[in-house]
Amino acid sequence: MTDQNHLLQFLLRQGDNALILSHRVSEWCGHSPILEEDIALANTALDLIGQTQMWLGYAAEVQAEGKSADDLAFLRDAWDFRNILLVELPNGDFGRTLLRQFLFDAHQSVLMGRLIKSSDDTVAAIAAKASKEVAYHVERSADTVVGLGDGTAESHERMQAALDYLWPYVGEMFTSDDTDTAMAIAGIAPEPSTLRDEFHALVTRVLTDATLTIPGGRFSHKGGRTGEMHTEHLGHLLATMQWLQRAYPGCEW
Amino acid sequence: MYAQMIKTANSGVKPREEMSDQERAFQDKIDADIKIEPRDWMPDDYRRTLIRQIGQHAHSEVVGQLPEGNWITRAPTLERKMILLAKVQDEAGHGLYLYSAAETLGESRDELVRLLHEGRMKYSSIFNYPTLNWADIGAVGWLVDGAAIVNQVALQRTSYGPYSRAMVRICKEESFHARQGYHAMMKMAFGSPAQKKMAQDALNRLWFPSIMMFGPSDSESTHSEQSMAWKIKVKSNDELRQQYIDQTVPQIEYLGLDLPDPGLKWNAERGHYDFSEPDWSELFDVIKGNGPCNTDRMNARVKAWDDGQWVRDGLMAHARKKAARQHAAE
Ligand SMILES: [Fe+2]
Ligand SMILES: [Fe+2]
Ligand SMILES: [Fe+2]
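Description of the structure in this document. Keep in mind the model is a prediction, meaning the values are calculated, not measured.

### Some remarks on the overall build of chain A
Part 1: Across its full length, chain A holds 10 helices and zero strands.
Part 2: Its helices and strands taken in sequence order, chain A reads α-α-α-α-α-α-α-α-α-α from the N to the C terminus.
Part 3: Whereas a compact globule of 253 residues would reach a radius of gyration of roughly 18 Å, chain A reaches 18 Å, a difference of no more than 12%.
Part 4: Considered along the principal axes of its C-alpha atoms, chain A spans approximately 55 × 40 × 30 Å.
Part 5: Considering chain A as a whole, with its 253 residues, one finds that 60% of them fall into the buried category.
Part 6: Taking contacts inside chain A between residues at least 6 apart in sequence as the whole, the part at least 24 apart equals 79%.

The following block contains the structure:
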């Protein structure tokens, strides 16, 4: 793979994570436990779409095939998506959605801290903008995870069940392939595995406050960020998201 | 509008000679356009009528998230998705300000929500109509927010201070929504034949429901007079409806869409558009709970509330534990 191609893969991974998670979060709109959460979740979804526009916009530029961020979002099939499996999983209950958000935010906060020093100016600029949003997201999602983990017996039980379900999807964030190595060599992005300690420290601190127990198993699902094998859920998500663009191609909206 | 057919708590306008000194002083303030503030004395009926009106308005903003939220995951571009999400987020924010305004009258948000979920309070009839194609999202912004603005601009002059100030703040955002909705509609009306068909379909379906948002005609509207005397209501249903129609017809023409009502004709003598009488029995059906989406909307709201109980309980329990720990540490 050429360097440009590695960069494109890297950008798609960032953009697709933001796009797919934004979709999931936006599914809560009007259905959350309390009005303040409707507003907060819409806000998170909005920030993530803003980030999607930046990452996929740059990806389209690097790809140099005359495509736009919208083309990449709405006209690729599941096998071309490069998001981690974690973000495409169905929302489950509110607790699972917020715990997933926290795990994602925690990783993003560590990653963005590195990417602001990227050798690629555009990547550094996107990260600088995103990192402000991510700092806010992680604070909020961490607070909610602590509140629900250390709340009632029922909320604790639900949060533990959510953690048990989600934990096997965390490892994928730290897997590495040729693209990651190429990014690291070029100084564009760190090797994912180098983020693990910082991530673990943050997550352990919050989950301890939340009185939750990190599951022991070391197994992790993967295949999303390489595109080798997504979950069955992604196809349904894309069927919804891409329907108008597919059914009425070439329109301006 | 967002508050339709609000029953004034008492019947008829109280004549001045029957008023107590307190009531007379209150009415004098209103007549002099002095705002009533939360700590001021007010008649119980004034308070109750306002709670009902502000509560219904708040519920409308909240339930109004659903028909628009219906298209967030299907929005055709990233930008449209952002615009729609931001709009729906604003509507939830309007719900919050309005519940706070009701709280200044001594009614809690939880209580109002309980009354809504028990079917004892209403929200605007318009949100019981479905959003069936993407152009509905443009049409809702343009027509529904447009109609809301006509009503709410008038309500900026309403006598209750917190409600009036909430309206000023909300109107700014509603105008933005209406402009964005019209812009989305332009893309559709000037787009491909399929897009134009969606635009026409949306307009045809939403037109009469939008003009019925102002409530029944004045001759049928029994509880308006006291509300007008108290300046809880500032203009009559028919006045507001006419104003909305007059401003909207030229916008339909600009889009090149067919008029949704063959009765829409400029009447030079009146200086207004004539229009066909809406099917009022439909409005009464919708208000009684028999609109196309009443059951779905209420089920969705009740489900969200019930499913969220453990979350609210959990967060409250945590806040109590935290406070107790802080207390113990001091
Ligand atoms: Fe609103
Ligand atoms: Fe509205
Ligand atoms: Fe609005």
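Having seen the structure, we can now continue with the description.
### Brief notes about helix α11 (residues 280-290) of chain B
All names here are of chain B.
Part 1: By the burial criterion, the buried members of α11 are W280, L283 and V286. Looking straight down α11, one finds its buried side chains confined to an arc of 120°; they lie on one side. Opposite the buried face of α11, by more than 90 degrees, sit the exposed residues K288 and N290.
Part 2: Among the structural elements, α8 (193-212), α10 (237-255) and α12 (294-307) are those in contact with the buried residues of α11.

### Some details on the environment of A:G235
Residue and element names in this part refer to chain A.
Part 1: Residue placement: G235 occurs in helix α10 (residues 233-247).
Part 2: Overall, the relative accessible area of 39% leaves G235 in the partly exposed class.
Part 3: It is 31 Å that separates the C-alpha atoms of G235 and I188, two residues lying 47 residues apart in sequence.

### Concerning the interface of chain A and chain B
Part 1: On the chain B side, the residues contacting the 49 residues of chain A number 47 residues.
Part 2: Across the chain A/chain B interface, buried area totals approximately 4,100 Å², and carbon plus sulfur atoms make up 70% of it.
Part 3: Counting the contacts that link chain A with chain B gives four salt bridges.
Part 4: The salt bridge partner of A:D150 is B:R325, with a shortest N-O separation of 3.1 Å.

### Looking at the coordination of the iron ion (ligand 1)
For a metal with four donors in a tetrahedral arrangement, the ideal angle between donors is 109.5 degrees, while six donors in an octahedron ideally sit at 90 or 180 degrees.
Residues and elements named next belong to chain B.
Part 1: Listed as protein donors to the iron ion (ligand 1) are E61 (OE), E91 (OE), H94 (ND1) and E174 (OE); their distances from the metal cover 2.0 to 2.1 Å.
Part 2: Its four donor atoms give the iron ion (ligand 1) angles of 86 to 139° at the centre, a pattern that matches the irregular case.
Part 3: Considered as a linear motif, the donors of the iron ion (ligand 1) on their single chain read E-x29-E-x2-H-x79-E.
Part 4: The metal-metal distance between the iron ion (ligand 1) and the iron ion (ligand 2) is 2.9 Å. Of this pair, E91 and H94 both sit in helix α4 (residues 78-103), three residues apart, which is roughly one turn of the helix.
Part 5: H94 sits in the buried class, given a relative accessible area of 0%.

### Let's talk about the coordination of the iron ion (ligand 3)
Residues and elements named next belong to chain B.
Part 1: Distances from the iron ion (ligand 3) to its protein donors, E91 (OE), D145 (OD), E174 (OE) and H177 (ND1), fall within 1.8 to 2.2 Å.
Part 2: One can describe the site at the iron ion (ligand 3) as irregular: its four donor atoms subtend angles covering 93 to 144° at the metal.
Part 3: Here the iron ion (ligand 3) and the iron ion (ligand 1) are spaced 3.6 Å apart, linked through E91, which binds each one. A residue pair is termed long-range when its members are at least 10 positions apart, and D145 in helix α6 (residues 135-155) and E174 in helix α7 (residues 161-189) qualify at 29 residues. Neither residue differs from the other here; D145 and E174 are each classed as buried.

### Regarding empty space enclosed by the protein
All names here are of chain A.
Part 1: Applying the stated criterion across every chain yields a total of 10 cavities of 30 Å³ or more.
Part 2: Empty space within the second largest cavity amounts to approximately 190 Å³.
Part 3: In terms of lining, the second largest cavity is formed by 17 residues, of which the most central are Q14, H107, L111, M173 and R225.
Part 4: Counting only elements with at least two residues in the lining of the second largest cavity, the list comes to α1 (3-26), α5 (94-115) and α8 (178-185).
Part 5: Each residue belonging to the lining of the second largest cavity can be placed in one class, and the counts come to 10 nonpolar, four polar and three charged.

### Quick word on the nonpolar core
It is characteristic of soluble globular proteins that their nonpolar side chains tend to be buried jointly.
All names here are of chain A.
Part 1: Among the nonpolar cores identified, the biggest contains 140 residues, and F10 and F102 are the most heavily contacted of them.
Part 2: Looking at this core element by element, the count peaks at 12 residues for helix α2 (residues 35-63).
Part 3: Non-local contacts of F102, meaning those with residues more than four positions away in its chain, are made with V138, S141, A142, V145, L202, V203 and V206.

### Side note on the layout of surface pockets
Part 1: The volume enclosed by the second largest pocket comes to roughly 320 Å³.
Part 2: Along its surface, the second largest pocket is lined by 13 residues, and A:E27, A:W28, A:C29, A:H31 and B:L66 are the ones closest to its centre.
Part 3: Residue assignment for the lining of the second largest pocket shows that the elements contributing at least two residues are α3 (65-69) and α12 of chain B.
Part 4: With three residues, α12(B) is the largest single contributor of residues to the lining of the second largest pocket.
Part 5: Considered class by class, the residues forming the lining of the second largest pocket number four nonpolar, six polar and three charged.

### Looking at the packing of helix α2 (residues 44-63) of chain B against helix α5 (residues 109-117) of chain B
Residue and element names in this part refer to chain B.
Part 1: One way to put it is that α2 packs onto α5 with a least axis distance of 11 Å and a crossing angle of 75°. Of the possible angle classes, the one that applies to α2 and α5 is roughly perpendicular. Judged by residue contacts, I51, G55, H59 and V63 of α2 engage L112, V113 and L116 from α5.
Part 2: Here the contact of α2 with α5 is built from residues that sort into five nonpolar, two polar and no charged.

### Some thoughts on the packing of aromatic side chains
Part 1: Overall, the coordinates contain 15 aromatic pairs over all chains when judged by the stated rule.
Part 2: Consider the rings of B:F26 and B:W41, whose centres lie 6.0 Å apart with planes at 85°: the pair is edge-to-face. Linking B:F26 in helix α1 (residues 21-31) with B:W41 in the loop between α1 and α2, this pair joins segments that are 15 residues apart in sequence.
Part 3: With relative accessibility at 36%, the residue B:W41 sits in the partly exposed group.
Part 4: Both rings, one in B:F214 and one in B:Y244, keep their centres 5.5 Å apart while their planes meet at 45°; by these two values the pair is tilted. Of the two residues, B:F214 sits in the loop between α8 and α9 (224-229) while B:Y244 sits in helix α10, which places them 30 residues apart along the sequence. Both residues of the pair, B:F214 and B:Y244, belong to the buried class.
Part 5: Among the aromatic side chains, those forming a connected cluster through ring pairs are A:W243, A:Y248, B:W71 and B:W134.

### Some remarks on the environment of B:G141
All names here are of chain B.
Part 1: As for its placement among the helices and strands, G141 is situated in helix α6.
Part 2: Placed 71 residues apart in sequence, G141 and N70 show a C-alpha to C-alpha distance of 14 Å.
Part 3: The contacts of G141, once residues within four sequence positions are left out, are K87, G146, H177, A178 and G181.

### A look at the packing of α2(B) against α7(B)
Residue and element names in this part refer to chain B.
Part 1: Running from N to C, α2 and α7 cross one another at 25°; their axes reach a closest spacing of 13 Å. Taken together, α2 and α7 sit at an angle that is classed as roughly parallel. Considering the relative orientation of α2 and α7, their crossing is left-handed. Where α2 approaches α7, its residues L50, Q53, I54, H57 and E61 are matched on the opposing element by Y163, M167, I170 and E174.

Rules used throughout
Residues numbered from 1 in each chain as written. Chains lettered and ligands numbered in written order. Predicted model: local features only at pLDDT ≥ 70, side-chain atom pairs only at ≥ 80, totals over all residues. Heavy atoms only, no water. Helix = DSSP H or I, 4+ residues; strand = E, 2+ residues; numbered from the N terminus. Rg over C-alpha atoms; globule rule 2.2 N^0.38 Å. Buried < 20%, exposed > 50% of the residue type's maximum accessible area, 1.4 Å probe, protein only. Contact = heavy atoms within 4.5 Å. Arc of directions from axis to C-beta. Buried area = accessible area lost by both parts, 1.4 Å probe. Salt bridge = Lys/Arg side-chain N within 4 Å of Asp/Glu carboxyl O. Donors = N, O, S within 2.8 Å, 3.2 Å for Na, K, Ca; no water. Tetrahedral: all angles 85-135°; square planar, octahedral: opposite > 155°, others 65-115°. 1 Å grid on protein atoms, 1.4 Å probe; cavity = no way out; pocket = protein on both sides within 12 Å on 5 of 7 lines; lining within 4 Å. Points joined across faces, edges and corners; volume = space filled by probe spheres on them. Nonpolar A, V, L, I, M, F, W, Y, C, P; charged D, E, K, R; others polar. Core = buried A, V, L, I, M, F, W, Y, C linked by side-chain atoms within 4.5 Å. Axes fitted to C-alpha atoms, helices over the stretch in contact; angles between N-to-C directions. Parallel < 35°, antiparallel > 145°, perpendicular 65-115°, else oblique. Phe/Tyr/Trp six-rings, centres within 6.5 Å; stacked < 30°, edge-to-face > 60°. Left-handed = near helix turned anticlockwise from the far one by under 90°.

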